[in-house]
Amino acid sequence: MLRSWRVKLKLLLATVTLAVLLSWLYLFVGSLEYGRFLLLPPCLGEQPSRDVEREALASRVRRVEEENQQLRLQLSQAQVEGSDGSPQWGASAEDGDPPGGERSNRTACPKQRMVHKCELLHVAIVCAGHNASRDVVTLVKSILFHRKNPLHFHFITDSVAHQILQTLFQSWMVPSVHVSFYNADDLKAGTCPPRCPPEVSWIPNKHYSGIYGLMKLTLTKALPSNLSKVIVLDTDITFATDIAELWAVFGKFSDKQVIGLVENQSDWYLGNLWKNHKPWPALGRGFNTGVILLLLDRLRRLGWEQMWRLTAERELMSMLSTSLADQDIFNAVIKQDPALVYRLPCFWNVQLSDHTRSEQCYTEVSDLKVIHWNSPKKLRVKNKHVEFFRNLYLTFLEYDGNLLRRELFGCASLPSPPSDQLQQALEELDEDDPCYDFRRQHLTQHRVHLFFLQYEFLALPNPTDVTLVAQLSMDRLQMLEAICKHWAGPISLALYMSDAEAQQFLRYAQASEVLSARRNVAYHIVYKEGQFYPINLLRNVALANTQTPYVFLTDIDFLPMYGLYDYLRNSIQQLELPQRKAALIVPAFETLHYRLTFPKSKAELLSMLDMGSLYTFRYHVWPKGHAPTDYAKWRTATVPYRVAWQPDFEPYVVVRRDCPKYDQRFVGFGWNKVSHIMELDAQEYELLVLPNAFMIHMPHAPSFDISKFRLSAGYRGCLQTLREEFHQDLSRRYGAAALKYLTAERSL
């Protein structure tokens, strides 16, 4: 009997154990299937101990779900957040969320409005000036990093930003990215006949963005009439997610909503921030216009242009001017008709201004979508998590833009002749060619950012004015201040740098009293790519972006004599260079001393030459390069004298800006200047040596390319091959006149 009772007890325990295991298995399978644990409904008649067990289980489930929440949000690629009237101070407010500021652990699948992967997304940006042109590149990088769709950028620019950005995007050649430009100057004053009212120039504006801060009001008129919707962004925006997620929010607009905005995250529009503070009218806290979703077709049907004009005219009668540019006028219009606005969740515009309430927009990294540096202090703004935001911004600031040239597989792209031609040329290269690397470097498409720093363009250049033209890399940066002290005239420099090095240079230039005081030095960044230094490409970039009629073609390691700028201008006038085809040679010397008392005159230089503290340039390693200058004659010359071209002659010259370009097949070390002087001679330029001009080469460590030239027989062999091909091309262009160069080459 006792044995039978024990068997029954064991059977009962086994049954209970099996039931518990099955329950846990059910919960585990549910978590795998739905990405979250499923709680069983309570059973009738359960004992208190089961209640405690269920509570413990539920507590663990909640902890696991919280740990998985970030992963689920990241996997939701097209999640559409927020709805009109939903709470705006939650990091991920969705339709159906309970009201209030407390975040809930949602278990229902989020609503998703997928954007087709090949749908073209349109982005409009107002950009004016040198600084904004730099800032917008970081914004574009952050968008390209996350994007999975073709993009069309619409830039409203002044002439400066137009030139910079057009060159940048043409040289960047990012697949499935289209760019259009619209003249901001036309939008400022209007393009119709003189009696037509101006667009925005009539609006007084105190904001630091100036008149360009009002341009977004004109987008319904500025952008193409067949463009139905667009995302509008400020240049100080950084994306932390795919912009397609924001584009998908258009699908949640009601029939009456035409503008999507995030609520302002400061107390500005509430007023009373200081004595006599009187903001423009706004709905509640108002809205920030750093990120805007515009349904252009609806706005045009509503008569948007007349709507904002009438509102602005009415408010300006009492306000006298705008304080926050277009944002004040947008808010005044919305105050008058709140049904126009769709409230975006605040993580679509986390505003890092002073006294911001943006901390209420996020509790986790995954909550962040768009960061807005909308304080005049920018990265220096004070914020609880500013170090995190700053690091995110710096990631894209210094990110290698070459890595963003990614194809969008499965999407048909519009034909791009430059890109197609480049691709065809690359496919035609023979990878077994010993000189493949040289030929590949020649075809490399480098990104170019012109006028990286502030530059004052000349309205009417003097007919005898001359620009110093040179190129450099990061290891020659220390020469810039010295050159600026020696040369007062305009300078055009091409700098070969990575994205990170370009930012180091920016900080260096802004901290330098000498460089920051100059507004006639143009810095053009050519971004690094490939294994060779593209020296002649750099020279051509610097040469092509000069404004003066004449250019002084030099290298960054040379210091021109004091007063050379004025001497060259006088020589150009005295020699009547505008009426003749001539190249003025500036004799080159060198020192082996890092510290040099620079000669103030030709007499001092000759004395130092006799004492052995100066030498004629490269007399001990490459005399053929400058021997034709005839230094013996120069010592006593008082007037310019003519010299004949000789093989390997490579002087530094002053020529007209429209001179032949440098041959870009020559990369790294060797024959890059020789080939250019040869072509000047082929075009029958006179070679005139200036009697009272000189320049001195300062010592430096050997470059990486010259080391490769000295150590690699293959390098030297490829250079010889390129020389022979150059001779053949010269013969095709100039016929029999070019035979002397081939004859001279063979006689060496």
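So, how was this worked out
- Residues numbered from 1 in each chain as written.
- Predicted model: local features only at pLDDT ≥ 70, side-chain atom pairs only at ≥ 80, totals over all residues.
- Heavy atoms only, no water.
- Helix = DSSP H or I, 4+ residues; strand = E, 2+ residues; numbered from the N terminus.
- Buried < 20%, exposed > 50% of the residue type's maximum accessible area, 1.4 Å probe, protein only.
- Contact = heavy atoms within 4.5 Å.
- Areas by Shrake-Rupley, 256 points an atom, 1.4 Å probe, with all protein chains shown as cover.
- Phe/Tyr/Trp six-rings, centres within 6.5 Å; stacked < 30°, edge-to-face > 60°.
- Lys NZ or Arg CZ within 6 Å of the ring centre and 35° of its normal.
- Expected span 1.5 Å × (residues − 1).
- Pairing = 2+ DSSP bridges.
- Axes fitted to C-alpha atoms, helices over the stretch in contact; angles between N-to-C directions.
- Parallel < 35°, antiparallel > 145°, perpendicular 65-115°, else oblique.
- Nonpolar A, V, L, I, M, F, W, Y, C, P; charged D, E, K, R; others polar.
- Disulfide = S-S within 2.5 Å.
- Core = buried A, V, L, I, M, F, W, Y, C linked by side-chain atoms within 4.5 Å.
- Right-handed = clockwise from strand over helix to strand, strands pointing away.
- Polar contact = N/O pair within 3.5 Å; in protein donor to acceptor, adjacent residues only side chain to side chain.
- pLDDT = per-residue confidence, 0-100.
- Salt bridge = Lys/Arg side-chain N within 4 Å of Asp/Glu carboxyl O.

1. Here we look at the overall build of the protein
In step 1: What the protein contains, in helices and strands, is 24 helices and 23 strands.
In step 2: Across the 748 residues that make up the protein, the buried fraction comes to 52%.
In step 3: Within the protein, counting contacts between residues at least 6 apart in sequence, those at least 24 apart form 78% of the total.
In step 4: Put simply, the protein shows about 35,600 Å² of open surface, and 55% of that area lies on carbon and sulfur atoms.

2. A closer look at the packing of aromatic side chains
In step 1: The tally for this structure, following the rule as stated, stands at 34 aromatic pairs.
In step 2: On the basis of an interplanar angle of 55° and a centroid distance of 4.7 Å, the ring pair of Phe558 and Tyr652 is categorised as tilted. With Phe558 in strand 16 (residues 558-560) and Tyr652 in strand 21 (residues 652-656), this residue pair connects regions lying 94 residues apart in the sequence. Of the two residues, Phe558 and Tyr652, neither departs from the other in class, the shared state being buried.
In step 3: Taken together, the ring pairs in this structure connect Phe153, Phe155, Phe169, Trp172 and Phe181 into an aromatic cluster.
In step 4: Looking at Arg447, its charged tip hangs above the ring of Trp172, at a distance of 5.7 Å from the centre.

3. Some remarks on helix 3 (residues 129-146)
In step 1: Helix length check: helix 3 (18 residues) gives 27 Å between terminal C-alpha atoms against 26 Å at 1.5 Å per residue, within 8%.
In step 2: In terms of burial, helix 3 is largely enclosed, as 15 of its 18 residues are buried.

4. Some details on the sheet that holds strand 2 (residues 151-157)
In step 1: Strand order in the open sheet formed by seven strands is 3-2-1-4-7-6-8, and the pairing between neighbours is mixed. Here the strands that pair on one side only, and so sit at the sheet edges, are strand 3 (177-183) and strand 8 (341-344). Neighbour to neighbour, the strand axes of the sheet diverge by 25° on average, direction disregarded.
In step 2: Note that strand 4 (residues 229-233) and strand 7 (residues 287-295) share five bridges and pair antiparallel. Paired with Ile231 across the two strands is Leu293, which belongs to strand 7.

5. Quick word on the packing of helix 9 (residues 304-319) against helix 10 (residues 326-336)
In step 1: Where helix 9 meets helix 10, the closest approach of the two axes is 9 Å, and the angle between their N-to-C directions is 100°. The orientation of helix 9 with respect to helix 10, classified from their angle, is roughly perpendicular. Two secondary-structure elements touch here, helix 9 through Trp304, Met307, Trp308, Thr311, Ala312, Arg314 and Glu315 and helix 10 through Ile329, Phe330, Ala332, Val333 and Gln336.
In step 2: Across the contact of helix 9 with helix 10, the residue classes tally to eight nonpolar, two polar and two charged.

6. Considerations on the state of the cysteines
In step 1: Tallied over the full model, the rule gives two disulfides.
In step 2: Put simply, Cys118 and Cys411 are joined by a disulfide, and their sulfur atoms are 2.1 Å apart. The sign of the S-S torsion, about -90°, decides the handedness of the disulfide formed by Cys118 and Cys411: left-handed. Of this pair, Cys118 sits in the loop between helix 2 (48-75) and strand 1 (121-127) while Cys411 sits in the loop between helix 11 (386-397) and helix 12 (417-428), placing them 293 residues apart in sequence.
In step 3: Exposure remark for Cys411: the relative accessible area of 13% places this residue in the buried category.

7. Comments concerning the sheet that holds strand 18 (residues 588-590)
In step 1: Across the sheet, which stays open at both edges, the four strands sit in the order 16-23-18-19 with mixed pairing between neighbours. Two strands bound the open sheet, and with one partner strand each, they are strand 16 and strand 19 (615-616).
In step 2: Strand direction decides the pairing type here: strand 16 and strand 23 (residues 695-697), joined by three bridges, are antiparallel. By the bridge assignment for strand 23, Leu559 is matched with Ile696.

8. Details of the nonpolar core
In step 1: Leu493, Phe505, Tyr523, Phe552 and Leu568 are the most contacted members of the largest nonpolar core, which totals 114 residues.
In step 2: Once you skip the residues sitting within four places of it in the chain, Leu493 turns out to touch Ala470, Leu472, Leu480, Val521, Ala522, Tyr523, His524, Ala542 and Ile556.
In step 3: Membership of the second largest hydrophobic core comes to 56 residues, among which are Ala161, Phe253, Val350 and Leu352.

9. Things to note about the pairing of strand 14 (residues 521-527)
In step 1: Taken across its seven residues, strand 14 has seven buried, putting it largely inside the fold.
In step 2: Burial along strand 14 is two-sided: Val521, Tyr523, Ile525 and Tyr527 facing one way and Ala522, His524 and Val526 facing the other are all buried.
In step 3: Where strand 11 (residues 448-449) lies against strand 14, two bridges are found, and the strand directions are antiparallel. Opposite Val448, over in strand 14, you have Val526 as the bridge partner.

10. Let's talk about the pairing of strand 2
On a regular strand, one side chain projects to one face of the sheet and the next to the other, so that they alternate.
In step 1: In terms of residue burial, strand 2 counts as a mostly covered element, since seven of its seven residues are buried.
In step 2: Where strand 1 and strand 2 come together, seven bridges link them in parallel fashion. Bridging across to strand 2, Val126 finds its partner in Ile156.
In step 3: A crossover links strand 1 with its parallel partner strand 2, the connecting element being helix 3, and its sense is right-handed.

11. Quick notes on the side chain of Gln257
In step 1: As for its position among the elements, Gln257 is in the loop between helix 7 (243-247) and strand 6 (259-263).
In step 2: Take Gln257: its relative accessible area is 2%, and that puts it in the buried class.
In step 3: Side-chain polar atoms of Gln257 contact the backbone nitrogen of Ser254, separated by 2.8 Å.
In step 4: At a separation of 3.4 Å, a polar atom in the side chain of Gln257 contacts the main-chain carbonyl oxygen of Val341.

12. Overview of the environment of Leu219
In step 1: Examined against the element boundaries, Leu219 turns out to sit in helix 6 (residues 219-222).
In step 2: Sequence spacing of Leu219 and Val230 is 11 residues, and the spatial spacing of their C-alpha atoms is 9.5 Å.
In step 3: Setting aside chain neighbours within four positions, we find Leu219 in contact with Ala124, Ile156, Val232, Leu294, Leu296 and Arg300.

13. Side note on the confidence of the model for the protein
In step 1: Across the protein, pLDDT averages 83, with 81% of residues at or above 70.
In step 2: Throughout residues 27-50 the model reports pLDDT below 50, and contacts reaching past four residues in sequence, or to other chains, amount to 22 contacts.
In step 3: Every residue in residues 70-112 is under pLDDT 50, and counting partners more than four places away or in other chains gives 105 contacts.

14. Regarding the side chain of Arg447
In step 1: Structurally, Arg447 is set in the loop between helix 13 (436-443) and strand 11.
In step 2: Of the polar contacts made by the side chain of Arg447, one reaches the side chain of Asn402; its length is 3.0 Å.
In step 3: Within the local environment of Arg447, its side chain forms a polar contact with the side chain of Asp499, the two groups lying 2.7 Å apart.

15. Remarks on the pattern of salt bridges
In step 1: This model, assessed by the stated rule, comprises 33 salt bridges.
In step 2: Between Lys221 and Glu305 there is a salt bridge, with the nearest N and O atoms lying 4.0 Å from each other. Highlighted residues: Lys221 in helix 6 and Glu305 in helix 9, separated in sequence by 84 residues.
In step 3: With a relative accessible area of 43%, Lys221 lands in the partly exposed category.
In step 4: Here the salt bridges share partners, and the residues they tie into one network are Lys141, Asp400, Arg447 and Asp499.

16. With respect to unusual backbone geometry
In step 1: In this structure, Met173 takes a positive phi of about 55° despite not being glycine.
In step 2: A positive phi angle, near 60°, is found at Arg618, a position not held by glycine.
In step 3: Relative to the elements of secondary structure, Arg618 occurs in the loop between strand 19 and helix 20 (631-636).

17. A look at the environment of Asp566
In step 1: Take Asp566: it is sitting in helix 18 (residues 564-574).
In step 2: Measuring from C-alpha to C-alpha, the distance between Asp566 and Trp487 comes to 9.2 Å, with 79 residues separating the pair along the chain.

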